[in-house]
Structure formats: structure tokens, C-alpha cells
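# A closer look at the structure
Each chain, letter by letter, is given below.
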Amino acid sequence: GAGVSQSPSNKVTEKGKDVELRCDPISGHTALYWYRQSLGQGLEFLIYFQGNSAPDKSGLPSDRFSAERTGGSVSTLTIQRTQQEDSAVYLCASSSYSGVTGELFFGEGSRLTVL
Amino acid sequence: RKEVEQDPGPFNVPEGATVAFNCTYSNSASQSFFWYRQDCRKEPKLLMSVYSSGNEDGRFTAQLNRASQYISLLIRDSKLSDSATYLCVVIRNTGGFKTIFGAGTRLFVKA
């Protein structure tokens, strides 16, 4: 498809389990962001990849969270030993930052529920 | 202090009302400005870009004041369908581009 694709769309897991969330950005977009959004709250920045630069990990809430981006395209966000407070919608967005626009295109998100 | 700050909201207005949202940013390296809209349980989407000269898109007018580091969005003749969260967004270039979102202002338009 032409848009940002995320999977799974919904994930229910037990406390203590590891989860992986995947993001497939728009082809050619060099910038990729991960955000977290709890119900009724704003976007919480997690991590930012831009081209071949070292990722900006300043938003990761703990060392249980990690992300990688392989080949400058697909990204995986991994949460180890999930906790109930990790329950949220995890949104991925990509941009080409071409010209002046710099529009971020979001995926539909992965809704994570930790029981 | 957050880099991008918005009116806390929520704003509750009747149909037909005019409503204005304000946003301030603190990093002078900010170079591009936007308003995004997020509907309930949906992902954010670009509403409009914001230029120093001001720009209008139908009932929506956006304004930027670089000297005061202030951005505004005006919605005229509010519709029920305008109910959403409006996110102020800046792109700064400090050795590379980065997009920064405000926390958003929630708008409820009632019949």
C-alpha cells in the first residue's frame, strides 16, 4: 500500500511477556518516528530514526523498550517484560522532509493491552 | 517547560461559533509550522501548514508570529464535524530535522 503500515493492529498480552510491533513506512521516507498514546492523552515521543544517523532514543521510557530500523525501511519496536502501564496505542509515522512540507504520515497504530 | 505548548482545553462551543487555539514554541531553530487534527481513536492527520503571511483554508485560518514564537488557528462557523483534538506541530532544524508535537487541544462542537 501507499501509506504507513503497522502490525499487529491489536495485541493482547500477559504481564511479563515480550512484544514486537512492526512499522512499514512509506517507501523512500528517511525519517521514522514511534509515539505512544494512552487513552485520552497526547502523543508521547519514543524514538526517531533519520537516515543513517544514530537514532534519537531520548523518549524511550525505560530500558525495556528498544527499536531498530533495518535497511533504512521497516522498523520494529520491542517491549520486554511488559507491564500494565505499557498498555497504549503505539503509533508510527514517517516523513521525507522534502521541500518545506515535512508532513508526517501516520499509521493506524498498534493497540497494546497488557493484562 | 515543554518545547511546544498549547491551550489546555477542552473547548466546548455551539455550532456556528468561532473558536481560536493558541500555541507557543520555545526553540528559535523551529522553521516549519503546522496544525494537525486527530479524531477520536484515529491517527493524527495534517490539517494545514502555517505561514508568516497567514493562510486560510475555507473556515480555517492559521497565523504565525515568529517574533513572539506564537501560532494560532481560527475556526469560523464551527460544525459538529470539527470536534477533534487539534495538535500544534513544529519542525526544527538543529543539525537535522525533527518534528515536535504539542499535547493538543480538544474541541467539542455541540448542536
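Residues numbered from 1 in each chain as written. Chains lettered and ligands numbered in written order. Predicted model: local features only at pLDDT ≥ 70, side-chain atom pairs only at ≥ 80, totals over all residues. Heavy atoms only, no water.

## A few points about the pairing of strand β9 (residues 84-93) of chain B
The two faces of the sheet receive side chains in turn, since in a regular strand these alternate between them. All names here are of chain B. Of all 10 residues that make up β9, 9 are buried, and the element is covered over most of its length. Examined bridge by bridge, strand β4 (residues 30-38) and β9 share 8 bridges and lie antiparallel to one another. Looking at β9, one finds that Trp 35 is bridged to Cys 88. Examined bridge by bridge, β9 and strand β11 (residues 105-110) share 3 bridges and lie antiparallel to one another. Bridge pairing links Tyr 86 to Thr 105 in β11. Inspection of the sheet shows β9 paired to strand β10 (residues 97-101) by 5 bridges, in the antiparallel sense. From the neighbouring strand, Asn 93 faces β10, where its bridge partner is Phe 97. As consecutive antiparallel partners, β9 and β10 are separated by 3 residues, and within that stretch Gly 95 has a phi angle of approximately 75°, a positive value. (Buried < 20%, exposed > 50% of the residue type's maximum accessible area, 1.4 Å probe, protein only. Helix = DSSP H or I, 4+ residues; strand = E, 2+ residues; numbered from the N terminus. Pairing = 2+ DSSP bridges.)

## Focus on unusual backbone geometry
Cis geometry marks the peptide bond from Ser 7 of chain A to Pro 8 of chain A, where omega comes out at -10°. Position of Pro 8 of chain A among the secondary structure elements: in the loop between β1 (5-7) and β2 (10-13). Despite not being glycine, Gln 69 of chain B has its phi angle at roughly 55°, a positive value. With respect to the helices, strands and loops of the structure, Gln 69 of chain B is situated in the loop between β7 (60-65) and β8 (70-75).

## Focus on the pairing of strand β3 (residues 19-24) of chain A
Residues and elements named next belong to chain A. Here β3 shows a buried face lined by Val 19, Leu 21 and Cys 23 and an unburied face lined by Glu 20, Arg 22 and Asp 24. The pairing of β1 with β3 spans 3 bridges and is classified as antiparallel. Opposite Ser 5, over in β3, you have Asp 24 as the bridge partner.

## Side note on the interface of chain B and chain A
Interfaces are frequently sized by the accessible area removed from exposure as the parts join. The partner chain A presents 22 residues to the 15 residues of chain B that form the contact. Around 1600 Å² of area is buried between chain B and chain A when both sides are counted, 55% of it from carbon and sulfur atoms. The largest per-residue losses of area from chain B upon contact with chain A belong to Glu 43, Phe 97 and Lys 98 of chain B, which jointly make up 30% of the total buried on that side. Taken together, the connections running from chain B to chain A amount to 1 salt bridge. (Contact = heavy atoms within 4.5 Å. Buried area = accessible area lost by both parts, 1.4 Å probe. Salt bridge = Lys/Arg side-chain N within 4 Å of Asp/Glu carboxyl O.)

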